[in-house]
Amino acid sequence: MSGDTTITIIGNLTGDPELRFTQSGVGVAGFTIASSARTYNKSIEKWEDGEVLFMRCSAWRDLADHVAESLTRGTRVIATGRLRQRTYETSDGDHRTVMEMTVDEIGPSLRFATAKSHKAARTGSNGHDGGAPADDPWASAAPSSDKPPF
């Protein structure tokens, strides 16, 4: 959206994503990404970790389902989304402000790992029966027996 602060964060999940549902049945996955800068100190010839940023994140709807099914504690991820500021009142009456990220896209980092991707069936009330639309160029089609594969 226009005017939103968009950020990308690379880090590790501090715990398994927690999938919950709103009263209207919308799924939301909550998780935290820990990210720290790592620099090489030439004087001692060692890598050093900087301060750690713990970013609380939420993913909604189908993305929430996919995050909860695909990612686990310790997974290194790349996430992009919108930075949100939320203010709340504690039980003691103190006002607190937190920064959180509403995730738009997330996936495992392939720098130190491998992953297999599986296209998820579509859900919701968009006029589809759960499969890809007929004009989807990325949909996998069953091979025809009378035609060569190429």
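Everything quoted here is computed from the prediction, not taken from an experiment. (Residues numbered from 1 in each chain as written. Predicted model: local features only at pLDDT ≥ 70, side-chain atom pairs only at ≥ 80, totals over all residues. Heavy atoms only, no water.)

**A few points about the overall build of the protein**
The helix and strand tally for the protein stands at one helix and six strands. Taken from N to C terminus, the helices and strands of the protein fall in the order β-β-β-β-α-β-β. In the protein, which comprises 150 residues, the proportion classed as buried is 25%. Across the protein, the fraction of contacts at a sequence separation of at least 24, relative to all contacts at a separation of at least 6, is 56%. Accessible surface computed for the protein: about 11,600 Å², of which carbon and sulfur atoms make up 50%. (Helix = DSSP H or I, 4+ residues; strand = E, 2+ residues; numbered from the N terminus. Buried < 20%, exposed > 50% of the residue type's maximum accessible area, 1.4 Å probe, protein only. Contact = heavy atoms within 4.5 Å. Areas by Shrake-Rupley, 256 points an atom, 1.4 Å probe, with all protein chains shown as cover.)

**Topic: the nonpolar core**
Counting residues in hydrophobic clusters, the biggest one holds 17 residues, and the most contacted among them are Phe31, Ile33, Cys57, Val67, Met101, Val103 and Ile106. When contributions to this core are tallied by element, the ones reaching two or more residues are strand S1 (5-13), strand S3 (27-41), strand S4 (46-60), helix H1 (61-70), strand S5 (76-89) and strand S6 (95-108). With near-sequence residues (within four places) excluded, Met101 lies in contact with Ile7, Ile9, Met55, Arg56, Cys57, Ser58, Ala79, Thr80, Gly81 and Arg82. (Core = buried A, V, L, I, M, F, W, Y, C linked by side-chain atoms within 4.5 Å.)

**Points about the packing of aromatic side chains**
In the structure shown here, the tally under the stated rule is one aromatic pair. With a centroid separation of 5.4 Å and 65° between ring planes, the pair formed by Tyr40 and Trp47 is classed as edge-to-face. Its relative accessible area of 53% is what places Trp47 among the exposed residues. (Phe/Tyr/Trp six-rings, centres within 6.5 Å; stacked < 30°, edge-to-face > 60°.)

**Details of the environment of Ile7**
Within the fold, Ile7 resides in strand S1. A residue is classified by how much of its surface remains accessible, and Ile7, at 22% relative accessible area, is partly exposed. A C-alpha to C-alpha distance of 5.6 Å links Ile7 and Thr80, two positions 73 residues apart in sequence. Not counting chain neighbours up to four residues away, the residues in contact with Ile7 comprise Met55, Ala79, Thr80, Gly81, Leu83 and Met101.

**Describing the confidence of the model for the protein**
On average, residues of the protein score 84 in pLDDT, and 79% of them reach the 70 mark or higher. Across residues 125-130 the pLDDT falls below 50, and counting only partners more than four positions away or on other chains, this stretch makes four contacts in the model. (pLDDT = per-residue confidence, 0-100.)

**Side note on the pattern of salt bridges**
By the definition in use, this model includes six salt bridges. Arg84 is the salt-bridge partner of Asp4, the closest N and O atoms lying 3.3 Å from each other. Taken together, the positions of Asp4 in the segment before S1 and Arg84 in strand S5 put the pair 80 residues apart, joining distant regions of the chain. Given a relative accessible area of 29%, Arg84 falls into the partly exposed group. (Salt bridge = Lys/Arg side-chain N within 4 Å of Asp/Glu carboxyl O.)

**A word on H1**
Taken together, the buried positions of H1 are Leu63, Ala64 and Val67. The buried residues of H1 occupy an angular sector of 105° when projected down its axis, which confines them to one face. Relative to its buried face, H1 has exposed residues pointing more than 90 degrees away, namely Arg61, Glu69 and Ser70. Elements in contact with the buried residues of H1: strand S2 (18-21), S3, S4 and S6. (Arc of directions from axis to C-beta.)

**What about the pairing of S1?**
Inspection of the sheet shows S1 paired to S5 by eight bridges, in the antiparallel sense. If you follow Thr6 over to S5, its bridge partner there is Arg82. Sheet topology places S1 next to S3; two bridges connect them, and they run antiparallel. Paired with Asn12 across the bridge in S3 is Ala34. (Pairing = 2+ DSSP bridges.)

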